[in-house]
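If you want the building blocks of each chain, they are given just below.
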Amino acid sequence: SKDQRMPSGWLAIHTFPNNKKIFCKEIQTNLLNLRYAYGSHERKEESMCGIVGYIGEKDATPIILNGLKKLEYRGYDSAGLAVIENGSIALRRDAGKLEKLITLVNNKPVSGNLGIGHTRWATHGVPSANNAHPHISGNGKVVLVHNGIVENFLELKQELMAENVQFQSDTDSETIVLLVERFLSSGKGLIDAARSTFELLRGAHGIVLISSDEPDKIVAAR
Ligand code: GLU
């Protein structure tokens, strides 16, 4: 069956912990083949949130905001987006309703052809602006949204902290983007850095990340 609400060119990942009925489907987008994954709507009581990503010729911002609006009914406590604007990552995020994010964007507009958005259902760290997704790497070049829980994040975080890596949030998710940054600084490209990072993670996830150094791609994993 098809989710008719999602036009082509979208990437949507909804994670349903404990729901065995998740399945994947490949869709064609303007620039890339992306994996499109969604689950059945049977278990609305589970913690669910949303991820939207866009890469293409249009302005990513309204597409992301509309996508998040469609995922709003799933429940969330924070919302945010990141768009690559003139070569650097512009971030807007806060705790609270999507309306708040829309106001943030209206007051300080962002536009670009590549972006990601997220509605968060907090598991690690209170709902706050710093804990809201997307999470950005220390050098400001990689940005990530994440659904789910990194079960071994404490161990990974301690490893990074021992290398003096700074954290800006209390989330498990930030660990992922900081690991990607560490692999990038060892000379890997974005896809390889993401792959090496995903191999370290335990748990069930939906992850999407982009980099201002490689604006021709969007990396998604589930
Ligand atoms: N564990 C992450 C957090 O607490 C992601 C939660 C979610 O799936 O929205 O930020």
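Refer to the preceding data block for the structure.
Residues numbered from 1 in each chain as written. Predicted model: local features only at pLDDT ≥ 70, side-chain atom pairs only at ≥ 80, totals over all residues. Heavy atoms only, no water.

A. Representation of the sheet that holds strand β8 (residues 135-136). Reading across from one edge, β8-β9-β10-β11 is the order of the 4 strands in this open sheet, with antiparallel pairing throughout. The open sheet has two edge strands, β8 and β11 (219-221), and neither has a second partner. Pairing of strand β10 (residues 205-211) with β11, which is carried by 3 bridges, proceeds in the antiparallel orientation. By the bridge assignment, Val-208 is partnered in β11 with Ala-220. (Pairing = 2+ DSSP bridges. Helix = DSSP H or I, 4+ residues; strand = E, 2+ residues; numbered from the N terminus.)

B. Main features of the packing of helix α3 (residues 153-162) against helix α4 (residues 173-185). Direction vectors running N to C along α3 and α4 enclose 45°, while the axes themselves pass 10 Å from each other. For the element pair α3 / α4, the angle class is oblique. α3 and α4 meet at a crossing whose hand is left-handed. Here Phe-153, Leu-156, Lys-157, Glu-159 and Leu-160 of α3 come into contact with α4, specifically with Thr-175, Leu-178, Leu-179 and Arg-182. Counted by class, the contact of α3 with α4 contains 5 nonpolar, 1 polar and 3 charged residues. (Axes fitted to C-alpha atoms, helices over the stretch in contact; angles between N-to-C directions. Parallel < 35°, antiparallel > 145°, perpendicular 65-115°, else oblique. Left-handed = near helix turned anticlockwise from the far one by under 90°. Contact = heavy atoms within 4.5 Å. Nonpolar A, V, L, I, M, F, W, Y, C, P; charged D, E, K, R; others polar.)

C. A look at the pairing of strand β4 (residues 50-55). With 6 of its 6 residues buried, β4 lies for the most part within the structure. Going residue by residue along β4, you find Gly-50, Val-52 and Tyr-54 tucked away on one face and Ile-51, Gly-53 and Ile-55 tucked away on the opposite face as well. Sheet analysis places β4 next to strand β7 (residues 114-120), joined by 6 bridges and oriented antiparallel. For Tyr-54, the partnering residue across the bridge sits in β7 and is Gly-115. (Buried < 20%, exposed > 50% of the residue type's maximum accessible area, 1.4 Å probe, protein only.)

D. Quick peek at unusual backbone geometry. Note that the residue after His-133, namely Pro-134, is joined by a cis bond; omega there is 0°. You can see Pro-134 is positioned in the loop between β7 and β8. Phi at Asn-86 is positive, roughly 45°, even though this residue is not glycine. Along the chain, Asn-86 falls in the loop between β5 (78-85) and β6 (88-95). Of note, the phi angle at Asn-164 is positive, near 65°, even though the residue is not glycine. Look at Asn-164 and you get exposed, because its relative accessible area is 63%.

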